[in-house]
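# Analysis of the macromolecular model
The lines below spell out each chain.
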Protein chains: 2
Amino acid sequence: MPSSTVENYLKEILVESIHSESGLVSMGKIAECLQVTPGTATTMVKGLEKKGWVNYRPRQGVKLTTSGRKLGMSMLRRHRLLETFLVETLDLDWGEIHDEAEELEHAISEKVLEKLDEFLGRPTHDPHGDPIPTSKGNMPEASDLSLLDCTVGQTAKIESIQDQSREFLKFARKNKLLPGSKIEVIQLDRIADTMQIKVGLKSFLNIGSKTAEKIVVHRSGEMEQ
Amino acid sequence: MPSSTVENYLKEILVESIHSESGLVSMGKIAECLQVTPGTATTMVKGLEKKGWVNYRPRQGVKLTTSGRKLGMSMLRRHRLLETFLVETLDLDWGEIHDEAEELEHAISEKVLEKLDEFLGRPTHDPHGDPIPTSKGNMPEASDLSLLDCTVGQTAKIESIQDQSREFLKFARKNKLLPGSKIEVIQLDRIADTMQIKVGLKSFLNIGSKTAEKIVVHRSGEMEQ
DNA sequence: AATTAGACTTTGATTAATCAAAGTTTATTT
DNA sequence: AAATAAACTTTGATTAATCAAAGTCTAATT
């Protein structure tokens, strides 16, 4: 039975491998995600390899095996279902749920998770707009388009918010940057690194590229479900 | 911040100290409850003392300090509220919830617990009939009367079932031995170590003293709420 | 080609929780 | 009072996860 630590490593490696084209994840990235020193990440990853959850090439990076991917997906499912429960059922604040789910995901059994999924009506997306893997380990592809990829005049719909910190989510909520919100790019200045957007029908907002990159969108008309 | 292990030790010491008149709990009892060797219990308890959660007298036993009692109560509250949630909301089976709650109780925060308590309507007793400590750490006194203390002809109402194992709970449910059920003692044989009881209006059952001791009751008419 | 910065790996130590087995105390029986 | 059993404590070892610091590689500059 994998420890909570192993579960965390596999979940983070999964998430990072999705965001990397090669599928390889570096030790530095792992150390950063898990808030450990690089030496710890190396040691841990070698342990994961010995157990058959990853393939590791020194100084190249690490890749999940089929069983590692399965476990990582299961953790992502737990995490996102729990976040949904915390918002929908217990009415917790958007900004609080990430850390809470981070703890609970290691303690909830498959059986309870299945009951929870049923109770919630088998949701497909969590409160941040991220897709929830099915119990089979499938996950709908997410858009790879952020606000940063949009040009002046384009309209788009927010799919998800890629920053789970309290701070950022508070900012996002205050400015109605929520999954489903309609956005229009009004102005763009690459040199000044700023972008003016219209949120909804009458609200305007200036954001920098770092923030724009965290708003994942699909262009209006596409991918409606 | 106390580890899950510390939380478990304090919770079990609390429960056992309630069941002992002196308030002292032996190393053997702790080792048995936590499924560790006596040596481990001794070592661990010395650590708990160093942190100020218990007072330990070698070969006498251990007693909770005020802060240890507080932490133990908080764990008991978590455990019993979670059990209630698992049965009431997620419709899990009576026999399954103990082990599930045992894991979740270490992962749930005070904030989420408070929301859960509110969502459940601030229940006072868990599905086994045990009282749920309040957030202040108060817990209604439970009856100290088991079926074993009743004599022929007496009637009583089941308050709680003091065995959390799947096996026993399956037996209890099958025979309608549930909190609230009305019991009448029909026959008693101390030598043969057996007791015949009427459960409800027409169902009869033979049980031994070990089982009778696990059925905590209050005599009919007393303590109605 | 030599230097250097940055990323990575190795090494040695630490902490928490545990066990097995040996040693000690206490209480009970003879 | 001696012997014994039962309960408890001590000791030495183990495992998982971690860090700091020293060492090694790789790739980019000079």
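Residues numbered from 1 in each chain as written. Chains lettered and ligands numbered in written order. Predicted model: local features only at pLDDT ≥ 70, side-chain atom pairs only at ≥ 80, totals over all residues. Heavy atoms only, no water.

### Notes on helix H5 (residues 97-104) of chain A
Listed in full, the buried residues belonging to H5 of chain A are Ile97, Glu100, Ala101, Glu102 and Leu104 of chain A. Tucked inside the fold, the buried residues of H5 of chain A contact helix H1 (4-18) and helix H4 (66-88) of chain A together with helix H5 (97-104) and helix H6 (110-120) of chain B. (Buried < 20%, exposed > 50% of the residue type's maximum accessible area, 1.4 Å probe, protein only. Helix = DSSP H or I, 4+ residues; strand = E, 2+ residues; numbered from the N terminus. Contact = heavy atoms within 4.5 Å.)

### Notes on the interface of chain B and chain A
Every contact between the two is made by 18 residues of chain B and, on the other side, 18 residues of chain A. Buried area between chain B and chain A, summed over both chains or domains, comes out near 1,600 Å², and the portion from carbon and sulfur atoms is 70%. At the boundary of chain B with chain A, the tally comes to two salt bridges. For the salt bridge of Lys111 of chain B with Glu96 of chain A, the shortest nitrogen-to-oxygen distance reads 2.8 Å. Of all elements in the fold, only helix H4 (66-88), H5 and H6 of chain B reach the threshold of two or more residues within the side of chain B that touches chain A. (Buried area = accessible area lost by both parts, 1.4 Å probe. Salt bridge = Lys/Arg side-chain N within 4 Å of Asp/Glu carboxyl O.)

### Comments concerning the protein's contact with DNA strand C
Neighbouring DNA strand C are 20 residues, the closest being Thr42, Lys46 and Tyr56 of chain A together with Ser3 and Thr40 of chain B. Near the protein, meaning within 4 Å, the atoms of DNA strand C are sugar or phosphate in a fraction of 80%, with bases accounting for the rest. Between DNA strand C and the protein, one listed contact pairs a phosphate oxygen with a side-chain N or O atom of Thr42 of chain A at 2.7 Å. Between Ser3 of chain B and DNA strand C, the recorded distance is 2.3 Å, taken from a side-chain N or O atom to a phosphate oxygen. Mapped by element, the contributors of at least two residues to the surface near DNA strand C are helix H2 (27-34) and helix H3 (38-50) of chain A together with helix H1 (4-18) and helix H3 (38-50) of chain B. Of the residues belonging to the surface near DNA strand C, the class tally is seven nonpolar, ten polar and three charged. (Near = heavy atom within 4 Å. Polar contact = N/O pair within 3.5 Å; in protein donor to acceptor, adjacent residues only side chain to side chain. Nonpolar A, V, L, I, M, F, W, Y, C, P; charged D, E, K, R; others polar.)

### Notes on the protein's contact with DNA strand D
If you check the shell around DNA strand D, you find 20 residues, and the closest are Ser3 and Thr40 of chain A together with Thr42, Lys46 and Tyr56 of chain B. Considering DNA strand D, the proportion of its atoms within 4 Å of the protein that are sugar or phosphate atoms stands at 80%. The contact in question runs from a phosphate oxygen of DNA strand D to an N or O atom on the side chain of Ser3 of chain A, over 2.3 Å. Interatomic distance of 3.0 Å between a backbone N/O atom of Arg59 of chain B and a phosphate oxygen of DNA strand D. With four residues, H3 of chain B is the single largest residue contributor to the surface near DNA strand D.

### Focus: the packing of aromatic side chains
Residues and elements named next belong to chain A. As enumerated under the stated definition, the model contains three aromatic pairs over all chains in all. Ring geometry for Phe168 against Phe171: centres 5.6 Å apart, planes inclined by 50 degrees, an arrangement best described as tilted. Pair noted here: Phe168 and Phe171 are both in helix H7 (residues 166-174), with a separation of three residues, about one helical turn. (Phe/Tyr/Trp six-rings, centres within 6.5 Å; stacked < 30°, edge-to-face > 60°.)

### Structural notes on the relation of the copies chain B and chain A
Between the two chain copies there is a screw-like relation: a rotation about an axis and a shift along it. Rotating chain B by 180 degrees and translating it 0.0 Å along the rotation axis places it on chain A, where the RMSD comes to 0.1 Å. Viewed as a symmetry operation, the transformation between the two copies matches a two-fold axis. Of all interface residues in chain B, 100% are interface residues in chain A too; the two copies therefore contact each other through one and the same surface. (Least-squares fit on C-alpha atoms with pLDDT ≥ 70 in both.)

### Some details on the packing of H4 of chain A against H5 of chain A
All names here are of chain A. At a closest axis distance of 9 Å, the pairing of H4 and H5 adopts a crossing angle of 125 degrees. Between H4 and H5, the crossing angle belongs to the class labelled oblique. Viewed along their axes, H4 and H5 form a crossing whose handedness is right-handed. Where H4 abuts H5, its residues His79, Leu82, Glu83, Leu86 and Val87 lie against Ile97, His98, Glu100, Ala101, Glu102 and Leu104. The residue inventory of the contact of H4 with H5, partitioned by class, reads six nonpolar, two polar and three charged. (Axes fitted to C-alpha atoms, helices over the stretch in contact; angles between N-to-C directions. Parallel < 35°, antiparallel > 145°, perpendicular 65-115°, else oblique. Left-handed = near helix turned anticlockwise from the far one by under 90°.)

### With respect to the packing of H2 of chain A against H3 of chain A
Between two packed helices, what matters for the description is the angle formed by their axes and the separation of those axes. Residues and elements named next belong to chain A. For the pair H2 and H3, the least separation of the axes is 8 Å and the interaxial angle reads 105 degrees. The angle between H2 and H3 falls in the class roughly perpendicular. Two secondary-structure elements touch here, H2 through Met27, Ile30 and Ala31 and H3 through Pro38, Ala41, Thr42 and Val45. Classifying every residue of the contact of H2 with H3 gives six nonpolar, one polar and no charged.

### Re the environment of Pro140 of chain A
Residues and elements named next belong to chain A. Structurally, Pro140 is set in the loop between helix H6 (110-119) and strand S3 (155-161). For Pro140, a relative accessible area of 43% puts it in the partly exposed group. For the pair Pro140 and Leu82, spaced 58 residues apart in sequence, the C-alpha separation works out to 18 Å.

### Regarding the pairing of strand S6 (residues 203-208) of chain A
All names here are of chain A. Across six bridges, strand S5 (residues 194-199) lies against S6 in antiparallel orientation. Residue Gln196 lies in a different strand from S6, and its bridge partner there is Asn206. Two successive antiparallel strands, S5 and S6, enclose a turn made up of three residues, where Gly200 displays a positive phi of approximately 70 degrees. (Pairing = 2+ DSSP bridges.)

### Here we look at the environment of Thr40 of chain A
Residues and elements named next belong to chain A. Take Thr40: it is sitting in helix H3. In sequence terms Thr40 and Ile30 are ten residues apart; their C-alpha atoms lie 9.7 Å from each other. There is a polar contact of 2.9 Å between the side chain of Thr40 and the side chain of Thr37.

### Digging into the side chain of Ser181 of chain A
Residue and element names in this part refer to chain A. On the secondary structure map, Ser181 appears in the loop between H7 and strand S4 (182-189). In this structure the side chain of Ser181 is engaged in a polar contact, spanning 2.8 Å, whose partner is the backbone oxygen of Lys176. What Ser181 contacts, discounting residues up to four positions off in sequence, is Ala156, Lys157, Ile158 and Lys176.

### Concerning a negative patch on the surface
Residues Glu141, Asp144, Asp149 and Glu213 of chain A make up a contiguous surface patch of negative charge. Within the element layout of this structure, Glu141 of chain A appears in the loop between H6 and S3. (Patch = residues over 30% accessible without salt bridge, like charges linked within 9 Å, V, L, I, M, F, W, Y side chains within 5 Å. Areas by Shrake-Rupley, 256 points an atom, 1.4 Å probe, with all protein chains shown as cover. Lys, Arg positive; Asp, Glu negative; His and termini not counted. Charge placed at Lys NZ, Arg CZ, Asp CG, Glu CD.)

### Looking at unusual backbone geometry
For residues besides glycine, phi is generally negative; the peptide bonds are generally trans as well. All names here are of chain A. One non-glycine residue, Gln35, lies in the positive phi region at around 60 degrees. The residue Gln35 is located in the loop between H2 and H3 in this model. Overall, Gln35 belongs to the exposed group, its relative accessible area being 72%. One non-glycine residue with positive phi stands out, namely Asp91, at about 60 degrees.

Such coordinate-based values are descriptive only and should not be taken to indicate function.
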